[in-house]
Number of protein chains: 2
Amino acid sequence: MEVDEPVRLPRLPRVAVCGGTHGNELSGVYLVRELLKDLREKDAEDGGPLSVLVVLSNPRATQQCRRYIDVDLNRCFSHATLNGPVPDASPYEIILSRKLNALLGPKGGQGAVDLVCDLHNTTANMGLCFIAYSDSDWICLHIFKHLQRQMPDMPMRFIHYDVSKKESYSLDSVGKHGFALEIGPQPHGVVRSTNYTAMKVGVQHVLDWVRHFNSGSVFEGGFVDVFTMVKKIDYPRDSQTHNITAAVHPHLQDRDFCLLRPEDPLFQTFSGEALTYKGSEPLYPFFINECAYYEKGVALSLARKRRVAVPPIRAQTEEDKQASFASEEEE
Amino acid sequence: MEVDEPVRLPRLPRVAVCGGTHGNELSGVYLVRELLKDLREKDAEDGGPLSVLVVLSNPRATQQCRRYIDVDLNRCFSHATLNGPVPDASPYEIILSRKLNALLGPKGGQGAVDLVCDLHNTTANMGLCFIAYSDSDWICLHIFKHLQRQMPDMPMRFIHYDVSKKESYSLDSVGKHGFALEIGPQPHGVVRSTNYTAMKVGVQHVLDWVRHFNSGSVFEGGFVDVFTMVKKIDYPRDSQTHNITAAVHPHLQDRDFCLLRPEDPLFQTFSGEALTYKGSEPLYPFFINECAYYEKGVALSLARKRRVAVPPIRAQTEEDKQASFASEEEE
């Protein structure tokens with residue numbers, strides 16, 4: 001294969017767009033409701049070669065405008081959780097995760113949808129982020145490149161959690177490809193029009209890219225900066241009450257993806273003292289002061305940045321598939 | 001009485017500082033915890049002429065980081081609610097409001113604390129606000145003037161809800177004087193260091209002012225811009241599902257206290273259409289897109305601005321009280 005010959009990848013005939021996986025992250029909730037309305041209206045005229053499944057993932061949490069009812073749904077899709085025992089008094093989201101796995105999966109199986117795009121918000125100043133479990137899923141990286149080009153005014157990053165497919169725990173891991181599309185800052189339980197519009201435009205570009213890919217377009221290669229999560233830092237806490245004793249330092253607050261260097265200020269205690277970053281390696285902070293992570297013991301996450309070379313790609317044709325099948329036969 | 005003769009008002013020996021009335025408004029929660037720690041540490045040395053009662057108002061909601069458990073505590077202090085029947089299965093906050101009324105009140109009674117300062121946060125871009133039920137409570141207006149002078153970099157407004165003492169429903173209405181001290185923007189469930197510090201400094205200035213007042217200082221008169229709430233506007237909603245169908249328009253979002261004129265954009269629907277303000281009078285919007293008010297049917301509130309002349313004041317002396325008593329006797 002020559003250097004510039006596109007990598008040939010299977011088409012993506014079935015895509016799922018999910019919102020309300022966290023019931024108080026409202027951009028996705030209202031976008032999914034709007035898409036469902038559109039789909040109902042367009043069902044008759046526009047079957048098309050692309051099947052788009054639109055899902056409000058956690059209806060009960062959405063109805064109550066809470067992140068979850070019993071447990072965080074977006075931590076329920078690991079192999080172990082999906083295949084563990086289900087006692088009668090199971091948490092609501094454990095039952096729900098199996099229903100969603102039946103609808104969109106089964107995770108790891110041939111019947112799974114080709115791409116899951118799961119919509120989220122954060123209170124952190126993160127702009128638009130893709131969050132994925134692979135730094136070499138060319139589909140996700142090409143979609144990201146496409147959005148970067150189409151939405152040049154939107155700060156945009158690709159975050160990589162280095163977790164195996166089996167251990168990956170979020171809803172987007174159920175698809176053959178998948179990512180969370182995260183937009184912030186926005187308080188949970190609030191919808192801000194600019195974030196809603198950015199998410200709507202972003203999802204439209206995702207679907208446009210998939211249609212072009214499926215129709216046989218060639219996408220040229222390039223580079224993507226990938227932020228790989230290295231570690232998480234908790235708030236300072238009182239050893240007895242476990243209450244936090246400091247807030248994120250004003251110099252760090254809202255500076256997601258700005259390099260944090262050793263001895264930079266990290267926290268300011270409630271009595272007024274500054275605490276600094278004691279790590280030895282400069283790293284990129286993100287999810288700084290995310291509301292939902294107080295209970296998870298995470299004040300911020302830290303990432304290493306790396307430039308990833310993305311090859312040109314195009315969809316496999318019928319001939320490619322037969323050739324590939326024949327070559328497998330020959331082996 | 002001559003024009004510049006200070007109005008003489010009773011001293012304020014007992015002040016209450018309350019936080020966690022809404023359990024997910026974290027500036028007040030952490031400030032009250034810090035003040036309680038300070039008080040414990042200073043109890044022995046500093047009795048002083050000012051008694052400061054520090055109260056975490058809704059411990060159960062605070063523990064769960066929710067606004068409330070059953071009903072909004074800060075709507076439970078009207079005369080009717082405080083004096084209505086209490087069935088066995090009463091909402092948690094109904095019981096709690098009576099306990100707080102016993103501690104800080106009784107509302108309207110001689111035994112009530114002299115001043116209640118109740119700490120709140122909002123997701124709206126409101127800076128620091130006093131919210132009170134009177135536009136002629138010289139104590140509250142003088143304290144506000146003091147904070148304006150002491151914190152010149154902080155946007156600061158005085159909001160007036162024109163509701164009678166009897167119908168007033170919030171915790172601060174239990175004191176002889178009282179106001180909510182509201183700081184935003186901040187997502188509920190999040191503490192931002194700059195807001196925490198502003199609230200800490202603000203409360204310190206409130207207490208300093210009361211100490212000076214009690215010690216007999218004369219405070220010169222002046223003017224305060226008072227924003228009197230005129231009406232509330234709900235989000236556009238679907239008539240069947242009651243779901244909102246639009247977000248606050250990007251041109252209005254974060255522009256609290258910037259004059260809204262007839263035909264200015266108000267909302268942007270989820271399908272992209274702009275809706276304008278149909279009122280005939282230019283008014284000042286506030287609590288724009290406050291998270292907790294979605295369920296109350298309030299997208300924003302509108303106020304009329306008026307400049308109020310505040311007279312000079314000083315604390316009554318023993319002679320004043322005897323003179324006042326004697327003159328009442330004579331009548």
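Calculation notes
Residues numbered from 1 in each chain as written. Chains lettered and ligands numbered in written order. Predicted model: local features only at pLDDT ≥ 70, side-chain atom pairs only at ≥ 80, totals over all residues. Heavy atoms only, no water. UniProt positions renumbered as here; feature names shortened; annotations may be inferred. Helix = DSSP H or I, 4+ residues; strand = E, 2+ residues; numbered from the N terminus. Rg over C-alpha atoms; globule rule 2.2 N^0.38 Å. Buried < 20%, exposed > 50% of the residue type's maximum accessible area, 1.4 Å probe, protein only. Contact = heavy atoms within 4.5 Å. Areas by Shrake-Rupley, 256 points an atom, 1.4 Å probe, with all protein chains shown as cover. Lys, Arg positive; Asp, Glu negative; His and termini not counted. Charge placed at Lys NZ, Arg CZ, Asp CG, Glu CD. Domains from an automatic or database assignment. Buried area = accessible area lost by both parts, 1.4 Å probe. Salt bridge = Lys/Arg side-chain N within 4 Å of Asp/Glu carboxyl O. Polar contact = N/O pair within 3.5 Å; in protein donor to acceptor, adjacent residues only side chain to side chain. Least-squares fit on C-alpha atoms with pLDDT ≥ 70 in both. Core = buried A, V, L, I, M, F, W, Y, C linked by side-chain atoms within 4.5 Å. Pairing = 2+ DSSP bridges. Axes fitted to C-alpha atoms, helices over the stretch in contact; angles between N-to-C directions. Expected span 1.5 Å × (residues − 1).

The name an unreviewed UniProt entry gives chain A is N-acyl-aromatic-L-amino acid amidohydrolase, with Kryptolebias marmoratus as the organism. Its UniProt record gives chain A the following Sequence similarities (unreviewed entry) comment, quoted word for word: "Belongs to the AspA/AstE family. Aspartoacylase subfamily."

Each helix and strand counted, chain A has 7 helices and 15 strands in total. Whereas a compact globule of 331 residues would reach a radius of gyration of roughly 20 Å, chain A reaches 21 Å, a difference of no more than 12%. Each principal axis of the C-alpha distribution contributes one length, and for chain A these read about 70 × 50 × 40 Å. Residues classed as buried in chain A amount to 54% of the 331 residues present. Considering only contacts within chain A whose residues lie at least 6 apart along the sequence, 75% involve residues at least 24 apart. Carbon and sulfur atoms make up 50% of the accessible area of chain A, which amounts to about 14900 Å² in all. Here chain A carries 36 positive and 43 negative side-chain charges, and the mean point of each set is 4 Å from the other.

On to the environment of Cys18(A), then. Relative to the elements of secondary structure, Cys18(A) occurs in strand β2 (residues 14–19). Excluding anything up to four places from it in sequence, Cys18(A) contacts Val32(A), Val55(A), Ser57(A), Leu104(A), Val116(A), Cys117(A), Asp118(A), Leu119(A) and Leu171(A).

Moving on: the domain arrangement of chain A. All names here are of chain A. On domain assignment, one finds that chain A holds domain 1 (11–221 + 311–315) and domain 2 (232–300). Each of domain 1 and domain 2 was reduced to a C-alpha centroid, and the two centroids are 28 Å apart. Counting from both sides, the interface comprises 16 residues of domain 1 and, opposite them, 13 residues of domain 2. At the boundary of domain 1 with domain 2, total buried surface from both sides reaches about 1200 Å², with 54% on carbon and sulfur atoms. Applying the counting criterion to the domain 1 and domain 2 interface returns 1 salt bridge. Run the count over domain 1 and domain 2 and you get 9 residue pairs in polar contact (both at pLDDT 80 or more). At the level of elements, β5 (127–132) and β6 (156–160) are the ones that each hand at least two residues to the side of domain 1 that touches domain 2.

This part is about the relation of the copies chain B and chain A. Mapping chain B onto chain A is achieved by rotating through 180 degrees and translating by 0.0 Å along the same axis, at an RMSD of 0.0 Å. Within this description, the copies of the chain are treated as partners about a two-fold rotation axis. Rotation axis and chain B: the residue whose C-alpha lies nearest the axis is Pro187(B), separated from it by 2.3 Å.

The subject of this paragraph is the UniProt feature "active site" (unreviewed entry) in chain A. Residues and elements named next belong to chain A. UniProt marks Glu182 with the feature "active site" (unreviewed entry), using the numbering shown here. For Glu182, the location among the structural elements is in strand β7 (residues 177–184). Residue classification places Glu182 among the buried residues on the basis of a relative accessible area of 6%. In contact with Glu182, not counting residues within four places along its chain, are His120, Asn121, Thr122, Gly127, Leu128, Cys129, Ile131 and Phe287. A polar contact is formed between the side chain of Glu182 and the backbone nitrogen of Thr122, at a distance of 3.4 Å.

Attention shifts here to the nonpolar core. Judged by nonpolar contacts, the single largest core of 68 residues is most densely connected at Ile143(A) and Phe179(A). Tallying contributions element by element places helix α6 (residues 193–214) of chain A first for this core, with 9 residues. The contacts of Ile143(A), once residues within four sequence positions are left out, are Leu115(A), Phe130(A), Phe179(A), Val206(A), Trp209(A) and Val210(A). Among the nonpolar cores identified, the runner-up in size contains 67 residues, and Ile143(B), Trp209(B), Phe213(B) and Val224(B) belong to it.

All names here are of chain B. The strand order β3-β2-β4-β7-β5-β6-β9-β14-β13 describes an open sheet built from 9 strands, whose pairing is mixed. At either margin of the open sheet sits one strand with a lone partner, and together these are β3 (51–56) and β13 (284–286). Neighbouring strand axes in the sheet, compared pairwise and without regard to direction, differ in orientation by 30 degrees on average. The strands touched by helix α6 (residues 193–214) within the sheet are β2 (14–19), β3, β4 (115–121) and β7 (177–184), with β4 carrying the most contacts at an inclination of about 170 degrees.

Next up on the list: the UniProt feature "domain: AstE/AspA barrel-sandwich hybrid" (unreviewed entry) in chain A. Mapped onto this numbering, the UniProt entry gives "domain: AstE/AspA barrel-sandwich hybrid" (unreviewed entry) at residues 224–305 of chain A. Along residues 224–305 of chain A one finds 0% helix and 37% strand; the C-alpha atoms at either end are 10 Å apart.

This paragraph deals with helix α4 (residues 92–104) of chain B. Residue and element names in this part refer to chain B. The end-to-end C-alpha separation of α4 is 18 Å, in line with the 18 Å expected for 13 residues at 1.5 Å each. Those residues of α4 lying buried are Tyr92, Glu93, Ile94, Leu96, Ser97, Leu100, Asn101 and Leu104. In this fold, the buried residues of α4 make contact with β2, β3, α2 (59–64) and α3 (79–83).

All names here are of chain A. Where strand β9 (residues 222–233) meets strand β14 (residues 300–310), 11 bridges bridge the pair, whose relative direction is antiparallel. Looking across to β14, one finds that Met229 is bridged to Ala303. Pairing analysis gives 3 bridges linking strand β13 (residues 284–286) to β14, with the strands arranged antiparallel. Paired with Tyr284 across the bridge in β14 is Ala303.

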